[in-house]
Amino acid sequence: TQLLEQSPQFLSIQEGENLTVYCNSSSVFSSLQWYRQEPGEGPVLLVTVVTGGEVKKLKRLTFQFGDARKDSSLHITAAQPGDTGLYLCAGDLRSSGTYKYIFGTGTRLKVLA
Amino acid sequence: ETGVTQTPRHLVMGMTNKKSLKCEQHLGHNAMYWYKQSAKKPLELMFVYNFKEQTENNSVPSRFSPECPNSSHLFLHLHTLQPEDSALYLCASSHARAGSLATNEKLFFGSGTQLSVL
């Protein structure tokens, strides 16, 4: 059972377009991170969100944590080819009395020039 | 540069070979991890070490053998692997063990070792 589902799984868009990637769970997370992984490299942390309803901006990227801390979204404005990569959400999930750090299924983004 | 270095970057091995992957972190972190990343699959946690002690083994086959001689170094010894073990193997570190007490820890990853088993 995958506890962190991301959608869409794949996304191919033209440079300049906007897009939103979603990370959903039926469980509550104490915090959630977004990572970007470029081909041939490991994931690199973009942001951490902690409070329900929190919105964080990183240049053209806007991250939101759901009010109930069960979901998150990543919105990219005016996408550029440099945004191409695999976007992963991850977080601390409390399950059966223990905490686990788990990763989402990933969204593979390709931005065409 | 994330402060986590993995070697080699690429490895091709036969099913009867024995090889080792190496990971070194220069961040002063106490926790280190091995993850497996296959095409079309989410990141799979393999092992977690905290202060050199193994705290998690996610039902990994015994042909994968981790070693953590100190908090800065982590190895993954490989022997008699199968072709389905071909994947990107990622090492990561964090200050405290992620997922232990909802510490809001973040992981720092190396660039990975792309392993092909023939």
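Residues numbered from 1 in each chain as written. Chains lettered and ligands numbered in written order. Predicted model: local features only at pLDDT ≥ 70, side-chain atom pairs only at ≥ 80, totals over all residues. Heavy atoms only, no water.

Asker: Can you lay out the overall build of chain B for me, pointing to particular residues and giving the numbers?
Answerer: In terms of regular secondary structure, chain B is built from zero helices and 11 strands. In terms of overall dimensions, chain B is globule-like: its C-alpha atoms have a radius of gyration of 14 Å, near the 13 Å expected for 118 residues. C-alpha atoms of chain B, sized along the principal axes, occupy 40 × 25 × 25 Å. Relative to its full complement of 118 residues, chain B shows a buried share of 47%. For chain B, the exposed surface amounts to about 5,500 Å²; the carbon and sulfur share of it is 51%. With 11 positive and 9 negative side-chain charges, chain B shows a separation of 5 Å between the mean positions of the two kinds. (Helix = DSSP H or I, 4+ residues; strand = E, 2+ residues; numbered from the N terminus. Rg over C-alpha atoms; globule rule 2.2 N^0.38 Å. Buried < 20%, exposed > 50% of the residue type's maximum accessible area, 1.4 Å probe, protein only. Areas by Shrake-Rupley, 256 points an atom, 1.4 Å probe, with all protein chains shown as cover. Lys, Arg positive; Asp, Glu negative; His and termini not counted. Charge placed at Lys NZ, Arg CZ, Asp CG, Glu CD.)

Asker: Talk me through the sheet that holds strand E7 (residues 61-65) of chain A; I want residue IDs and the actual numbers.
Answerer: Residues and elements named next belong to chain A. Strand order in the open sheet formed by five strands is E1-E3-E8-E7-E6, and the pairing between neighbours is antiparallel. With partners counted over all chains shown, the strands left at the sheet margins are strand E1 (5-7) and strand E6 (55-58), one partner each. Geometrically, the sheet is characterised by an average inter-axis angle of 15° between neighbouring strands, direction not taken into account. Examined bridge by bridge, E1 and strand E3 (residues 19-24) share three bridges and lie antiparallel to one another. Paired with Ser7 across the bridge in E3 is Tyr22. (Pairing = 2+ DSSP bridges. Axes fitted to C-alpha atoms, helices over the stretch in contact; angles between N-to-C directions.)

Asker: For the packing of aromatic side chains, give the residues involved together with the corresponding values.
Answerer: Counted according to the given criterion, the structure contains nine aromatic pairs over all chains. With a centroid separation of 6.0 Å and an interplanar angle of 85°, the aromatic rings of Tyr35(A) and Phe109(B) are classed as edge-to-face. Placement of the pair is Tyr35(A) in strand E4 (residues 29-37) and Phe109(B) in strand E10 (residues 108-109), with the two residues belonging to separate chains. Members of the aromatic cluster, joined through ring pairs, are Tyr35(A), Tyr101(A), Phe103(A), Tyr33(B), Tyr35(B) and Phe109(B). (Phe/Tyr/Trp six-rings, centres within 6.5 Å; stacked < 30°, edge-to-face > 60°.)

Asker: Can you tell me about the state of the cysteines, naming the residues and giving the values?
Answerer: As enumerated under the stated definition, the model contains two disulfides over all chains in all. Covalent S-S linkage joins Cys23(A) and Cys89(A), the inter-sulfur distance amounting to 2.1 Å. Looking down the S-S bond of the Cys23(A) and Cys89(A) bridge, the torsion is 80°, so its handedness is right-handed. Here Cys89(A) lies in strand E9 (residues 85-95) and Cys23(A) lies in strand E3, a separation of 66 residues in the sequence. For the pair formed by Cys23(A) and Cys89(A), the shared burial category is buried. A sulfur-sulfur distance of 1.9 Å marks the disulfide that ties Cys23(B) to Cys91(B). (Disulfide = S-S within 2.5 Å.)

Asker: Describe the pattern of salt bridges, naming the residues involved and giving the relevant values.
Answerer: Residues and elements named next belong to chain B. Scanning the entire structure with this criterion turns up five salt bridges over all chains. For the salt bridge of Asp85 with Arg63, the shortest nitrogen-to-oxygen distance reads 2.7 Å. Taken together, the residues Asp85 in the loop between strand E8 (73-79) and strand E9 (87-94) and Arg63 in the loop between strand E6 (53-57) and strand E7 (64-70) connect sequence positions 22 residues apart. (Salt bridge = Lys/Arg side-chain N within 4 Å of Asp/Glu carboxyl O.)

Asker: Describe the nonpolar core, listing the residues and the values that go with them.
Answerer: The biggest cluster of nonpolar side chains holds 23 residues, and the ones touching the most others in it are Leu19(A), Leu32(A), Trp34(A), Phe63(A), Leu74(A), Ile76(A) and Leu109(A). Those elements that place two or more of their residues in this core are E3, E4, strand E5 (44-49), E7, strand E8 (71-76), E9 and strand E11 (107-112) of chain A. Membership of the second largest hydrophobic core comes to 22 residues, among which are Met13(B), Met32(B), Leu74(B) and Val117(B). (Core = buried A, V, L, I, M, F, W, Y, C linked by side-chain atoms within 4.5 Å.)

Asker: Could you give an account of the pairing of E8(B), naming the residues involved and the relevant values?
Answerer: Residue and element names in this part refer to chain B. In terms of burial, E8 is a largely internal element, five of the seven residues being buried. The sheet contact formed by strand E3 (residues 18-25) and E8 spans seven bridges and is antiparallel. Residue Lys22 lies in a different strand from E8, and its bridge partner there is Phe75. In this sheet, E8 lies alongside E7 in antiparallel orientation, the contact comprising five bridges. Bridge assignment links Pro66 to a residue of E8, and that residue is Leu76. Taking the residues between adjacent antiparallel strands as the criterion, E7 and E8 are bridged by two residues.

Asker: Lay out the interface of chain A and chain B with the relevant residues and their values.
Answerer: Between chain A and chain B, the contact holds 22 residues from the first and 21 residues from the second. Both faces considered, chain A and chain B share a buried interface measuring about 1,700 Å² in area, 54% of it formed by carbon and sulfur atoms. The largest contributions to the chain A side of the interface with chain B come from Tyr99(A), Tyr101(A) and Phe103(A), which together make up 28% of the buried area. Taken together, chain A and chain B are joined by one salt bridge. With a closest N to O distance of 3.6 Å, Arg9(B) and Glu41(A) form a salt bridge. (Contact = heavy atoms within 4.5 Å. Buried area = accessible area lost by both parts, 1.4 Å probe.)

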